[in-house]
Amino acid sequence: MYTLCLFLFIALPSEASSFMGKQDTSRITHLVEIAKQKQKERHPDSAEYYFKQAGELADQLNAESGKLLFAGNYSAFLYDQVRFEEAMEYAQLALTISLRLNNRSKAAAAYNNIALQHQAKGQLKEAANNLIRALEISNEIKHPTHKDLSDRRKYLNNLSSLLLDLQDLDKGLEYAWQSYEIARQLKDTISMGNSLVNVMVAEAMAGKLVDAVHHGKQYLSIGRSYGDLQMEIKALNNLAEVYRMQQHYPLALETFAKALAITPKSMPGNEVYTLSGMSRIFKEIGNAQAAKEYFEMALKLATTELATPQLVDLYKDGADINEALGDYKQALDFHKKHAQLKDSLQSQETQKTIQELEVRYETAQNRKQIVERDLKIVEQAVELDRQNKWFIIFIFSIFLLVFGLVAIRLLNRQKRKAQSTELQKKLIEAQLAGEERERERTAKELHDGVASILSAASLQINAMTKHSDPRTTFQEVSQLIEIAVREIRNISHNLAPEMILEEGLGYAIQSFCQRVNKPDFQMHCYVIGELPELDKGSQLTIYRVIQECVTNILKHAQATEGIVQLSEEQGRLLITVEDNGIGFDTETLWANGIGFHNLNNRVQSLQGNIDIRSCIGKGTSVFIEIDCPMTACLDKATVDL
């Protein structure tokens, strides 16, 4: 598949940084703005003169903010001039300064610019690593500005370009559309067009030529409407290439000719695309001599104007054209160059690394979306409660009083049931030393939680005759009783998970994780796929193991967030429990960890093993593997077939 003109974005520093208020540094800003204007007017020599003036002045004043402004913009200018080595030097300088100034937005822009230089030199693995880092920093910004979102759009579009270089068309198209959606939300028509060009390229490479033509014409219309010559040239070149794929050769040649007529020498790279495209058309219609003439003109420019990944298809063209002319030696040379470059760009190691980086980015995105979703739910619940509070109190005050009286009776019944369950649990699991601590913890919850709540309710009832407003007293008593009922329900579930195990182990674990959530701590539970069928005794032991791990987090970790994950893989049940707490020294586990010995005994009773990893200040991870019954694994395999 022939390469079309992708659109890559250098992330420029903002027009004037907020910390550049002094007169001397404003002179640097002025020089940079003049240089950018000269660059826009296609006067590269004048632009470079003013850029260097700005850089020298920043060095004389030792102004860090001025150096950052100069380095970022000069790197973009050098990239536009196909001077990738020099552009890399100044992009790395911009990164160093932005990290020193703790300017996260500028650091992300610098990572993006470094990624583009690596991509231009065919170093796709390094390009992906820096580009993903730019996206991670961008997504960490809690309240992104219009400029932050605009930069994020550029990074996503550049990731699309990188994946298209690797022939990953689905992912390339996906990120191009994500980039387009941000541009649409920002109501930035130019950016929408620049995202559409990558959508068009992905569609053309995938053979969706009608869609590609449609989006190419949209892109061309935007470029002409805004007088953007670069956009217009790229649109014409890409449309002509799609016409060639459709075998509309006269229309393709006509469109290439239009692009060539408006391409100035000050825009390196564009003429190469036009000439190589015309060469391919002549080759396909059987005029090999004309094809070679255009190819040689394109190749002469390509050695200085094209990035390394863009030479792959040009070498393939050279091999085909020379083979058609009978020059087999020259054809062989181009075939070798094409194969060598293609193998280096699309090696399995490179593709695997880029896929791993993409998964890392998507995982971080998913976790952020989960947190944002939960926060939004809480905010909505608080708002709804505020709006309906007085209405609900007025309508249900009498009902709550009756419910409270009934709840007292249910409380006693639940308490007796909990005591009976506790006694049965002691008899069944007497061999486990850790059971004594569970009973002590339950007793403490009853005494400090439920008993104190009921005592307060009793005092309120006794004082009812003296209170000036009985309804207020009823309300307060009802609220206390409701809290007590909720406490009793949590305690009963912890004591007797067999009730919720009837719904399955996954449901029981999810229910438990939901119950331990509180304002300053969130426990997330993920059940991946279908869990194997286990006997009730094994399910109860697994539940207790996870319960003990989560309880340790609540008591000791000082964490704000935790994760419980269950999945089945190749006949084994895999359990992960993680937190972001203070961590601990794992060397003390075997020496002093009585709780750990009890936990380990339970896991071993299930023919499993446990691995605990922790680092001071960086949280704790518990990994558990348990052998599944063979019958469960065979049943699952049959269903999949």
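See the structure shown above.
What you see is a predicted model; the values in this text were computed from it and never measured.

## Overview of the overall build of the protein chain
- Looking only at helices and strands, the protein chain has 25 helices and 5 strands in total.
- Every one of the 641 residues in the protein chain was classed for burial, and the buried ones make up 48%.
- Here the analysis covers contacts within the protein chain between residues at least 6 apart in sequence; of these, 66% occur between residues at least 24 apart.

## A look at the packing of helix α5 (residues 104–120) against helix α6 (residues 124–140)
- In the contact formed by α5 and α6, the axes pass within 8 Å of each other and the chain directions differ by 160 degrees. With respect to each other, α5 and α6 are oriented roughly antiparallel. Like other packed secondary-structure pairs, α5 and α6 cross with a definite hand, here left-handed. Across the interface between the two elements, R104, A107, A108, Y111, N112, I114, A115, H118 and Q119 from α5 touch L124, E126, A127, N130, L131, R133, A134, I137 and E140 from α6.
- Of the residues that constitute the contact of α5 with α6, the class distribution is 10 nonpolar, 4 polar and 4 charged.

## Structural notes on the pairing of strand β5 (residues 620–627)
- Two strands pair when backbone bridges link them, and strand β3 (residues 572–579) and β5 are joined in this way by 8 bridges, in the antiparallel orientation. Bridge pairing in β5 places L574 opposite E625.
- Connecting strand β4 (residues 608–614) to the next strand, β5, in antiparallel fashion are 5 residues, including G617 with a positive phi near 85 degrees.

## Things to note about helix α7 (residues 146–165)
- The end-to-end C-alpha distance of α7, which contains 20 residues, comes to 29 Å, matching closely the 28 Å that a straight helix rising 1.5 Å per residue would cover.
- Within α7, 17 of the 20 residues are buried, which leaves it mostly tucked inside the rest of the structure.

## Some points on the environment of T576
- Structurally, T576 is set in strand β3.
- Spatially, the C-alpha atoms of T576 and E625 are 9.0 Å apart, while their sequence positions differ by 49 residues.

## Brief notes about the side chain of S138
- With respect to the element layout, S138 can be found in helix α6.
- Exposure remark for S138: the relative accessible area of 2% places this residue in the buried category.
- With near-sequence residues (within four places) excluded, S138 lies in contact with D148, R152 and Y155.

## As for the environment of H215
- Relative to the assigned elements, H215 resides in helix α10 (residues 209–225).
- Taking C-alpha positions, H215 is 5.8 Å from M200, a pair spaced 15 residues apart along the chain.
- Dropping the residues within four chain positions of it, H215 is found in contact with W177, L196, V199, M200 and E203.

## A few points about the packing of aromatic side chains
- With the rule as written, the count across this model stands at 11 aromatic pairs.
- A centroid spacing of 5.6 Å and a plane angle of 55 degrees characterise the contact between Y79 and F84, whose relative ring orientation is tilted.
- Members of the aromatic cluster, connected to one another through ring pairs, are F51, F70, Y74, F77 and Y90.

## With respect to the pairing of β3
- Bridge analysis of strand β2 (residues 561–569) against β3 gives 8 bridges, and the strand direction is antiparallel. Looking at the pairing, S567 lines up with L574 of β3.
- Where β2 folds back on β3, the antiparallel hairpin that results is connected by 2 residues, among which Q570 adopts a positive phi of roughly 50 degrees.

## Some points on helix α4 (residues 84–100)
- With 17 residues, α4 should reach 24 Å at 1.5 Å per residue; the first-to-last C-alpha distance of 24 Å fits that figure.
- Every buried residue of α4 is listed here: F84, A87, M88, A91, A94, L95, I97 and S98.
- The secondary structure elements touched by the buried residues of α4 are α3 (64–80) and α5.

## Things to note about the sheet that holds β4
- Overall, mixed pairing links the 5 strands, which are arranged β1-β2-β3-β5-β4 in an open sheet. On the outer flanks of this sheet lie β1 (522–528) and β4, each paired with one strand and no other. In this sheet, adjacent strand axes meet at a mean angle of 10 degrees when their direction is disregarded.
- Of the strands in this sheet, β1 and β2 are in contact with helix α21 (residues 505–516), which crosses β1 at around 170 degrees.
- Strand contacts of helix α22 (residues 536–557): β1, β2, β3 and β5, with the helix running at about 10 degrees to β3, the strand carrying the most contacts.

## A short note on the nonpolar core
- Ranked by size, the top nonpolar core spans 34 residues in total, and within it I509, I542, V564 and I575 carry the most contacts.
- Broken down by element, this core gets its largest block of residues, 8 residues, from α22.
- If we ignore the near neighbours within four places in the chain, the residues touching I542 are L505, L534, L573, I575, L606 and I626.

## Details of the pattern of salt bridges
- Summed over all chains, the structure comprises 22 salt bridges.
- With a shortest N-O distance of 3.5 Å, E136 and R133 are connected by a salt bridge. Of this pair, E136 and R133 both sit in helix α6, 3 residues apart, which is roughly one turn of the helix.
- Between E254 and K258 there is a salt bridge, with its nearest N and O atoms 3.8 Å apart. Note that E254 and K258 are positioned in helix α12 (residues 249–262) at a spacing of 4 residues, about one turn of the helix.
- A cluster of three or more residues bridged by salt bridges with shared partners is formed by E48, K52, R83 and E86.

## Overview of the packing of helix α8 (residues 169–185) against helix α9 (residues 189–205)
- Taken N-terminus to C-terminus, the directions of α8 and α9 make an angle of 160 degrees; their axes are 8 Å apart at the nearest point. Relative to α9, α8 is oriented roughly antiparallel. Crossing of α8 over α9 shows left-handed handedness. For the pair α8 and α9, the contacting residues are L169, L173, A176, W177, S179, Y180, A183 and R184 in the first and S191, M192, S195, L196, N198, V199, A202, E203 and M205 in the second.
- Classifying every residue of the contact of α8 with α9 by side-chain character gives 11 nonpolar, 4 polar and 2 charged.

## Observations concerning unusual backbone geometry
- Of note, N62 is a non-glycine position whose phi angle comes to about 50 degrees, a positive value.
- By the secondary structure assignment, N62 is in the loop between α2 (44–61) and α3.
- With relative accessibility at 54%, the residue N62 sits in the exposed group.
- With a phi angle near 60 degrees, Q607 is a residue other than glycine that sits in the positive phi range.
- Within the secondary structure, Q607 is located in the loop between α24 (594–605) and β4.
- Of the residues examined, Q607 reaches a relative accessible area of 56% and is grouped as exposed.

## Considering a nonpolar patch on the surface
- A cluster of nonpolar residues, I398, V402, V406 and L410, forms a patch on the protein surface that exposes about 370 Å² of accessible area.
- Mapped onto the elements of the fold, V402 is located in helix α17 (residues 348–428).

Calculation rules
- Residues numbered from 1 in each chain as written.
- Predicted model: local features only at pLDDT ≥ 70, side-chain atom pairs only at ≥ 80, totals over all residues.
- Heavy atoms only, no water.
- Helix = DSSP H or I, 4+ residues; strand = E, 2+ residues; numbered from the N terminus.
- Buried < 20%, exposed > 50% of the residue type's maximum accessible area, 1.4 Å probe, protein only.
- Contact = heavy atoms within 4.5 Å.
- Axes fitted to C-alpha atoms, helices over the stretch in contact; angles between N-to-C directions.
- Parallel < 35°, antiparallel > 145°, perpendicular 65-115°, else oblique.
- Left-handed = near helix turned anticlockwise from the far one by under 90°.
- Nonpolar A, V, L, I, M, F, W, Y, C, P; charged D, E, K, R; others polar.
- Pairing = 2+ DSSP bridges.
- Expected span 1.5 Å × (residues − 1).
- Phe/Tyr/Trp six-rings, centres within 6.5 Å; stacked < 30°, edge-to-face > 60°.
- Core = buried A, V, L, I, M, F, W, Y, C linked by side-chain atoms within 4.5 Å.
- Salt bridge = Lys/Arg side-chain N within 4 Å of Asp/Glu carboxyl O.
- Patch = residues over 30% accessible without salt bridge, like charges linked within 9 Å, V, L, I, M, F, W, Y side chains within 5 Å.
- Areas by Shrake-Rupley, 256 points an atom, 1.4 Å probe, with all protein chains shown as cover.

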